[in-house]
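Chain residues, written in single-letter form:
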Amino acid sequence: MSVQSAPEGVEVRGEIRDGFESILTLDALGLLADLHRRFNARRLGLLQARHRRQAYLDGGGMLDFLPETAGIRKDTSWKVAPPAPGLADRRAEITGPTDAKMTINALNSGAKVWLADFEDANTPLWENMVSGQLNLRAALDRTIDFTVEGGKSYALKPATELSTIVVRPRGWHLPEKHVLVDGEEVSGSLFDFTMYLVHCGQRQIDAGKGPYFYLPKMESHLEARLWNEVFVHAQGALGIPQGTIRATVLIETFPAAFEMEEILYELREHSSGCNAGRWDYLFSVIKCFGRRGKDFVLPDRNSVTMTAPFMRAYTELLVSTCHRRGAHAIGGMAAFIPSRKDEEVNANATKKVTEDKTREAGDGFDGSWVAHPDMVGLCTEVFTKVLGERPNQLDKVRDDVHVTAEQLLDIKSTPGEATEAGLRNAVSVGIQYLSAWLRGQGAVAIFNLMEDAATAEISRTQVWQWLHNDVQLSDGQTVTPGLVEKVVDEELAKIKNTVGEQAYADGGYEQGRSLFTEVALGADLSEFLTLPAYARMP
């Protein structure tokens, strides 16, 4: 985009493909520049605060509920805003990236909500970030369609049958390197938020709903406060009534679990609840305490279920906190992808998903996530058995729940073992996912599960933690760099044998290996693998 067509101080470095100019407008870039100038220094300061807290934890400190915000937790008088239009009933939510096919399939899926993802189920390839915005606007205008090779076409159902769109922008830590304001890369969060709000906010209001968001990766209530101030300023700048924007917060970092109430408080006029995320939460546990010895070492990631004591404490606290404040509590992901070939796999997975969603509904969650349209019906059925015709169970306040910091921190009571099979799974899934990610694909089907960036994060941090704590596997082997490198070679050989030489070369598996081993075998535990991965992207 030429300098003449952008606001003063704004430089767009990404390729301007057909239609991109209708997203990268003067109004949209102007608001983005305004938000950057007002809030970017605060954002960077909050990221530095994360580093200071990590240094404190590395030095022997512990997480705890904040004494300085005890008054907020004790004050029973405040509540979040009532549910916004389209967000009262959230019994089944589907997640997925914003490509045209997924946009249509997700909206048609029968789920109450579609998490339209610019974050973990996406990759920040420039084309993805802008074309995704085009697809969302086209969906609201009902001009979107998609035809695959062979002629099969996809089109939207009637508007009354479509899911409510809730957009997940990138986290505060991720930049958008293709847009600069005054020579600085803008926040990926602010880019995604602004483009959607400018182009789809009023469209959503006119349709009787609103611009709704899922906020990822936050680590403190001060980060929620920053989002709230962004919302207030952006609504004022666009003439949108205050409180129209709504946000559901993913409580997917270990520090955020100790500040749920404060996060709701900061966002209260814009809040629509919290979500319990499994893989990112486990990743955050390792990131916070991976250097602190064997009391914090987790077993095979697939053996850590939501019934582990520290996970149970986390989810119980989330439901109790949300409902006490009038906010929705949304359960975790069912990542299973139905098999067209193996009914036994389907039967076993369906049983596990049913048990998982039944537990969530019984605990008081108001709904939950699935990754595939074929699982929407199952999730809906399980929650309907508890909800009936009610849209939610906000009235289930869970006064019986009293979670302590010690319970949230009780990692060492987690049942399970570290096994060679678990190591191989982490290596194989991590490399396969990263290979796809670097090609621009963020939601990847691996071993009958829909995996996203959180999978790669837990996979590589688990390997790093086992390696740096001299973990002994169940068969007696000690995890060493040599063992990990041997497993990497063997798992890649299996992949090459399965996909063939040409597909292996075209699939970027060697690039995936390079990135995975860099972050899994490095001396330091990288904060986010998406940062070095993004640096490898055009």
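The paragraphs below set out a description of the structure included in this document. Just so you know, these numbers come straight off a predicted model, no measurement behind them.

**What to know about the packing of helix α1 (residues 26-58) against helix α5 (residues 188-206)**
In step 1: Their axes nearest at 9 Å, the elements α1 and α5 cross at an angle of 140 degrees. In this view, α1 runs oblique relative to α5, as classed from their interaxial angle. Considering the relative orientation of α1 and α5, their crossing is right-handed. Side by side, α1 and α5 meet where Ala28, Leu29, Leu31, Leu32, Leu35 and His36 of the first sit next to Leu190, Phe191, Phe193, Thr194, Met195, Val198 and His199 of the second.

**Description of the packing of aromatic side chains**
In step 1: Across all of its chains, the model carries 19 aromatic pairs by this definition.
In step 2: Ring geometry for Phe283 versus Phe528: centroids 6.0 Å apart, planes at 65 degrees, classification edge-to-face. Taken as a pair, Phe283 in helix α9 (residues 278-289) and Phe528 in the loop between α18 (509-521) and α19 (530-535) lie far apart in primary sequence, 245 residues in all.
In step 3: Judged by relative accessible area, Phe283 falls into the buried class, the value being 2%.

**Re the nonpolar core**
In step 1: Counting 125 residues, the largest nonpolar core has Phe191, Phe193, Ile251, Phe254, Phe310, Tyr314 and Leu318 as the members making the most contacts within it.
In step 2: Ranked by residues supplied to this core, first place goes to α1 with ten residues.
In step 3: The residues contacting Phe310, other than those within four sequence positions of it, are Tyr281, Leu282, Val285, Leu298, Val304, Gln407, Leu408, Asp410, Ile411 and Thr414.
In step 4: With 38 residues, the next largest nonpolar core counts Ala418, Val429, Val471 and Tyr534 among its residues.

**Some remarks on the side chain of Gln204**
In step 1: For Gln204, the location among the structural elements is in helix α5.
In step 2: Here Gln204 falls in the buried class, since its relative accessible area comes to 4%.
In step 3: In terms of polar contacts, Gln204 uses its side chain to reach the side chain of Tyr196, at 2.9 Å.
In step 4: In contact with Gln204, other than residues within four places in its own chain, are Leu140, Ile165, Tyr196, Lys209, Gly210 and Pro211.

**Focus: the side chain of Ser187**
In step 1: By the secondary structure assignment, Ser187 is in strand β8 (residues 184-187).
In step 2: Of note is the side chain of Ser187, whose polar atom sits 3.0 Å from the backbone nitrogen of Ser189.
In step 3: When near neighbours in sequence (up to four residues on either side) are disregarded, Ser187 contacts Asn40, Arg43, Trp172, Leu174, Pro175 and Glu176.

**A few points about the sheet that holds strand β1 (residues 10-12)**
In step 1: Taken in spatial order, the three strands of this open sheet run β1-β7-β8, and their pairing is antiparallel. Two strands close off the open sheet at either side, each with one partner strand: β1 and β8. Strand-to-strand twist of the sheet, defined as the mean angle between neighbouring strand axes without regard to direction, takes the value 50 degrees.
In step 2: Most of the contacts of α5 go to β8, to which it runs at about 60 degrees, and overall it touches β7 (175-181) and β8.

**A closer look at the pairing of strand β11 (residues 271-276)**
On any regular strand, side chains alternate: one points to one face of the sheet, the next to the other face.
In step 1: β11 sits mainly inside the fold: six of its six residues count as buried.
In step 2: By the bridge criterion, five bridges tie strand β10 (residues 246-251) to β11 in an arrangement that is parallel. Across the sheet, Thr248 pairs through a bridge with Gly273, a residue of β11.
In step 3: Of the strand pairs in this sheet, β11 and strand β12 (residues 329-334) are connected by two bridges, and their pairing is parallel. When the sheet's bridge partners are listed, Cys274 is paired in β12 with Ala329.

**Comments concerning the pattern of salt bridges**
In step 1: Evaluation of the coordinates by the stated rule reveals 46 salt bridges.
In step 2: A salt bridge links Arg53 to Glu219, with the nearest nitrogen and oxygen atoms 2.8 Å apart. Of this pair, Arg53 sits in helix α1 while Glu219 sits in the loop between β9 (212-215) and α6 (221-238), placing them 166 residues apart in sequence.
In step 3: Between Asp89 and Lys112 there is a salt bridge, with its nearest N and O atoms 4.0 Å apart. On the criterion of sequence distance, the pair formed by Asp89 in the loop between α2 (70-74) and β2 (92-97) and Lys112 in the loop between α3 (100-107) and β3 (113-117) is long-range, its members being 23 residues apart.
In step 4: A residue is classified by how much of its surface remains accessible, and Lys112, at 38% relative accessible area, is partly exposed.
In step 5: The structure contains a network of salt bridges with shared partners spanning Asp117, Glu119, Asp120, Arg168, Lys217, Glu252 and Asp280.

**Observations regarding helix α16 (residues 481-499)**
In step 1: The end-to-end C-alpha distance of α16 is 27 Å, a good match for the 27 Å that 19 residues give at a rise of 1.5 Å each.
In step 2: Inspection of α16 places Leu483, Val484, Val487, Val488, Glu491, Leu492 and Ile495 among the buried residues, and these make up the whole buried set. End-on view of α16: buried residues confined to an arc of 160 degrees, all on one side of the axis.
In step 3: Turning to α16, the residues buried within the fold contact α14 (420-438), α15 (453-468), α17 (501-506) and α18.

**Side note on empty space enclosed by the protein**
Rolled over the atoms, a probe sized like a water molecule indicates the empty space that remains.
In step 1: A full pass over the atoms with the stated rule returns two cavities of 30 Å³ or more.
In step 2: A volume near 130 Å³ is recorded for the largest cavity.
In step 3: Lining the largest cavity are 16 residues, with Glu119, Asp120, Leu174, Ala453 and Thr530 positioned closest to its centre.
In step 4: In the lining of the largest cavity, the residues fall into six nonpolar, four polar and six charged.
In step 5: Roughly 40 Å³ of internal volume is contained in the second largest cavity.
In step 6: Lining of the second largest cavity is provided by Lys217, Glu219, Glu252, Thr253, Asp280, Phe283, Ser284, Lys287 and Phe528.

Definitions and cut-offs
Residues numbered from 1 in each chain as written. Predicted model: local features only at pLDDT ≥ 70, side-chain atom pairs only at ≥ 80, totals over all residues. Heavy atoms only, no water. Axes fitted to C-alpha atoms, helices over the stretch in contact; angles between N-to-C directions. Helix = DSSP H or I, 4+ residues; strand = E, 2+ residues; numbered from the N terminus. Parallel < 35°, antiparallel > 145°, perpendicular 65-115°, else oblique. Left-handed = near helix turned anticlockwise from the far one by under 90°. Contact = heavy atoms within 4.5 Å. Phe/Tyr/Trp six-rings, centres within 6.5 Å; stacked < 30°, edge-to-face > 60°. Buried < 20%, exposed > 50% of the residue type's maximum accessible area, 1.4 Å probe, protein only. Core = buried A, V, L, I, M, F, W, Y, C linked by side-chain atoms within 4.5 Å. Polar contact = N/O pair within 3.5 Å; in protein donor to acceptor, adjacent residues only side chain to side chain. Pairing = 2+ DSSP bridges. Salt bridge = Lys/Arg side-chain N within 4 Å of Asp/Glu carboxyl O. Expected span 1.5 Å × (residues − 1). Arc of directions from axis to C-beta. 1 Å grid on protein atoms, 1.4 Å probe; cavity = no way out; pocket = protein on both sides within 12 Å on 5 of 7 lines; lining within 4 Å. Points joined across faces, edges and corners; volume = space filled by probe spheres on them. Nonpolar A, V, L, I, M, F, W, Y, C, P; charged D, E, K, R; others polar.

So yeah, pure geometry; function would need other evidence.
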